[in-house]
Amino acid sequence: MLTTLFICLVAVAAAGYFFGQRKARGLAASQNTRLHSLPGYHGAYVAFWVGLPSLVLVLFWLLFQDAVVEGLVVSAIPSEITQGMSGNRIDLLVSEIKSVAAGRIFVEPQPYVLEAAAHYNILNNTAEKAMLVVVLALAVLGLGYARRNLSADFRARQKVGLTMDGLMILCSVIAIVTTLGIIASLLFEAIRFFEKVPVGEFFFGLSWEPQIAIRADQVAGTGAFGAVPVFTGTLLIAAIAMAVAIPIGLFSAIYLTEYAGDRFRSVIKPVLEMLAGVPTVVYGFFAVLTVAPALREAGAAIGLDVAPNSALAAGAVMGIMIIPFISSLSDDAITAVPRAMRDGSYAMGATKAETIIRVLLPAALPGIVGGILLAVSRAIGETMIVVMAAGLIAKLTANPLDAVTTVTVQIVTLLIGDTEFDNPKTLAAFALGLVLFVATLLLNIVALRVVQKYRERYE
Amino acid sequence: MKTAQNTAQAESQTATNGATMTPAETASPQVTEMHPIKMTARKVDVFYGTKQALFGVDLEIRDNAVTALIGPSGCGKSTFLRCLNRMNDVIDNCRVEGEIRLGDTNIYGANIDPVLLRARVGMVFQKPNPFPKSIYENIAYGPRIHGMAERRAEMDEIVETSLRKAALWDEVKDRLQEPGTGLSGGQQQRLCIARAIAVNPEVILMDEPCSALDPIATARVEELIDELRENYTIVIVTHSMQQAARVSQRTAFFHLGNLVEEDETDQIFTNPRDKRTQDYITGRFG
């Protein structure tokens, strides 16, 4: 039904465009004057009047149709049945009616349910037809209204521009509203969590055993919600990742910008950037099936006890994933240092290496630092590699050969299996998510500030 | 600012026996002919890839004099300048043939390290290019990489002397730790000159050093160039013939990659031998 409606709308809008254009041409010819706007703008103006109001109407109709139909169905049920029912019971009854109406019958329904289901179907059917008629009528009205407005000196060009402005604002508002929605949902659930677990315990407690029983027959943890070991685990893995990514990324950026020939650079740079395109789940395989066993064997050979899911394995692979971020941002920063700086240094009798260390890197430092901060925020938010390769038990340790867990891993495990949204186990995921969100947001803001500042310097 | 400049002018006038004459007039032709030859170029060809930019240039550069290289855009004067301290080496696919001597050594010889050569032949660029470091660090950069100062006090002295020689000391002595990029354009250019002086070069190359400066800053830099002539050999590329006439003792005119004529500046501007030189200095092309 909706598909038909949209096809009809597009057809009417296209017709509107055509009529508008033709009328504009006709106006120009009959009055023998110049049009203020090109005929295409007149057409677009009419098409907007056809499409936009009807689309808005469809949106509102779909939002409210269900509620209205349900209300009508419930009020049609004999009042002796609904009397004394609580709101929850009525909701249950409505969903039963809906599934019967859709033909999903599990037990023989009460006769009044059957009746209500039939009523529901009829109402829905009518509503859909009514929507089609009303919306198309509005579209045609819009066409007529807009077409009447057209005249030779009608400023269709400006009107179309304004409408496009509005559409663009709408799109950016959608992005912003979504972000706000994410923050709000995180915040509300996190607040509910902190009603059950004190803030101090969460941020300073040293024991993390959140897997408490949701059903009575489950064997489960004691319910300790001290997130410090989770945070330190995240930081440990992120630190290992940066220890791998910063030197490799930075040195390859220096090599590519200052030493590599054009042809070599044109091959190597895309290959390096391809690392960013590898799905993280593939990195996860690599970490858990290749790197972790190799580290374990290497450790055994020199008498070190390496955990099978060591922080080192997960961190090292994550570091490899992050290399392209650091290398391409550092590359940009180094390339942006003006040629005059290099010339100035060479002319002082500096070698290439001295020029890089004493002039290029200090000048590019803000850009490089910005890149590193963005990479850190990426590292602490990275999920798939650590879910596959890091541990589940929160252990307070700085030993990279041990297994640690991270914020993202804990969020995933807390939301897998039984969930219950008035239980601190499930709600803890939102508190962790909020911490993660705030941390990466701050890192991103600082990084963008730093990068911006360095841009100002040379432009 | 204005008074400082007036004093500086007054000083330079006393140096020339109080006469109000332009620097070019202070050195008579006979004097520069007697100056020893500092650098010699013999049959210098330069190629960028397959395109030849300079054709067999022969030129002698005299010590303690300012040599101006003039000519229309693209004539190869900057290319020639960059040959003198092998700055062309850092450009890919640039090839230099022929011989250039600094004193007795061929600077394109096999045993010459271009890095050490550039400490002897310093360079100042068209656009002031101080490093994004403090004023002090800008000057200390060269001495530091060449290990010229053991202790902090020695470095302080080098910095002060260089800034004094570049006539910048009084303006910046209270803010040596502030970034060099915060100075005005003219001050930045004098900072770059001070930076070049700090490594005690024998020759200073200047590639249109005033083209990004306003007339007052230009006058100060020109004055400075004239003072520096006492201790250094200076080669300057310029688009302004007035500037060449004001600051140089010898002038070389380049056209389409050829050195057309080289002589005393007075001679070039009053009595050029070549028709092309005459056309250029009278503004018939350029």
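Residues numbered from 1 in each chain as written. Chains lettered and ligands numbered in written order. Predicted model: local features only at pLDDT ≥ 70, side-chain atom pairs only at ≥ 80, totals over all residues. Heavy atoms only, no water.

Draft legend 1. Representation of the overall build of chain B. Along the backbone of chain B there are 13 helices and ten strands. Looking at the 286 residues of chain B, the share that counts as buried comes to 53%. Working note: accessible area of chain B is about 12600 Å², and carbon and sulfur atoms make up 48% of it. (Helix = DSSP H or I, 4+ residues; strand = E, 2+ residues; numbered from the N terminus. Buried < 20%, exposed > 50% of the residue type's maximum accessible area, 1.4 Å probe, protein only. Areas by Shrake-Rupley, 256 points an atom, 1.4 Å probe, with all protein chains shown as cover.)

Draft legend 2. Quick peek at the interface of chain A and chain B. Listed by partner, the interface residues are 20 residues for chain A and 23 residues for chain B. Approximately 1700 Å² of surface area, both sides summed, lies buried where chain A meets chain B, with 66% of it carried by carbon and sulfur atoms. A per-residue breakdown of the area chain A buries against chain B is headed by Ala347, Met348 and Arg358 of chain A, which together make up 39% of the total. Joining chain A to chain B, the criterion identifies one salt bridge. Between Asp343 of chain A and Arg82 of chain B there is a salt bridge whose closest N-O contact spans 4.0 Å. Mapped onto the side of chain A that touches chain B, the elements with two or more residues apiece are helix H12 (339-347), helix H13 (352-381) and helix H16 (424-458) of chain A. For the side of chain A that touches chain B, the element with the most residues is H12 of chain A, which contributes eight residues. Residues belonging to the side of chain A that touches chain B are distributed by class as follows: ten nonpolar, five polar and five charged. (Contact = heavy atoms within 4.5 Å. Buried area = accessible area lost by both parts, 1.4 Å probe. Salt bridge = Lys/Arg side-chain N within 4 Å of Asp/Glu carboxyl O. Nonpolar A, V, L, I, M, F, W, Y, C, P; charged D, E, K, R; others polar.)

Draft legend 3. Up close: the domain arrangement of chain A. Splitting chain A by domain gives domain 1 (2-154), domain 2 (156-196) and domain 3 (208-458). Here the C-alpha centroids of domain 1 of chain A and domain 3 of chain A sit 49 Å apart. (Domains from an automatic or database assignment.)

Draft legend 4. A look at the environment of Pro109 of chain A. All names here are of chain A. Examined against the element boundaries, Pro109 turns out to sit in the loop between helix H4 (87-101) and helix H5 (111-149). Pro109 sits in the buried class, given a relative accessible area of 8%. Each C-alpha atom of the pair Pro109 and Ile97 lies 9.0 Å from the other, and the pair is twelve residues apart in sequence. Once you skip the residues sitting within four places of it in the chain, Pro109 turns out to touch Glu96, Val100 and Leu114.

Draft legend 5. How the structure looks around the packing of aromatic side chains. Evaluated as defined, the whole model comprises 19 aromatic pairs over all chains. For the ring pair Phe202 of chain A and Phe203 of chain A, a centre distance of 5.1 Å and an interplane angle of 85 degrees mean the geometry is edge-to-face. Since its relative accessible area comes to 0%, Phe202 of chain A is described here as buried. An aromatic cluster is present here, built from Phe193, Phe194, Phe202, Phe203, Trp208, Phe225 and Phe231 of chain A joined pairwise through their rings. Directly above the ring of Tyr259 of chain A sits Lys352 of chain A, whose terminal nitrogen or CZ lies 5.0 Å from the centroid. In this structure, Arg95 of chain B packs its charged tip against the face of Phe47 of chain B, placed 4.3 Å from the ring centre. (Phe/Tyr/Trp six-rings, centres within 6.5 Å; stacked < 30°, edge-to-face > 60°. Lys NZ or Arg CZ within 6 Å of the ring centre and 35° of its normal.)

Draft legend 6. Layout of the nonpolar core. Core analysis: the largest hydrophobic core is formed by 78 residues, its most contacted members being Phe193, Phe202, Trp208, Ile237, Met318, Ile322 and Leu432 of chain A. Setting aside its immediate chain neighbours within four residues, Phe193 of chain A contacts Phe202, Phe225, Pro424, Leu427, Ala428 and Ala431 of chain A. Grouped together as the second largest cluster of nonpolar side chains are 44 residues, Ile139, Ala166, Tyr232 and Tyr280 of chain B included. (Core = buried A, V, L, I, M, F, W, Y, C linked by side-chain atoms within 4.5 Å.)

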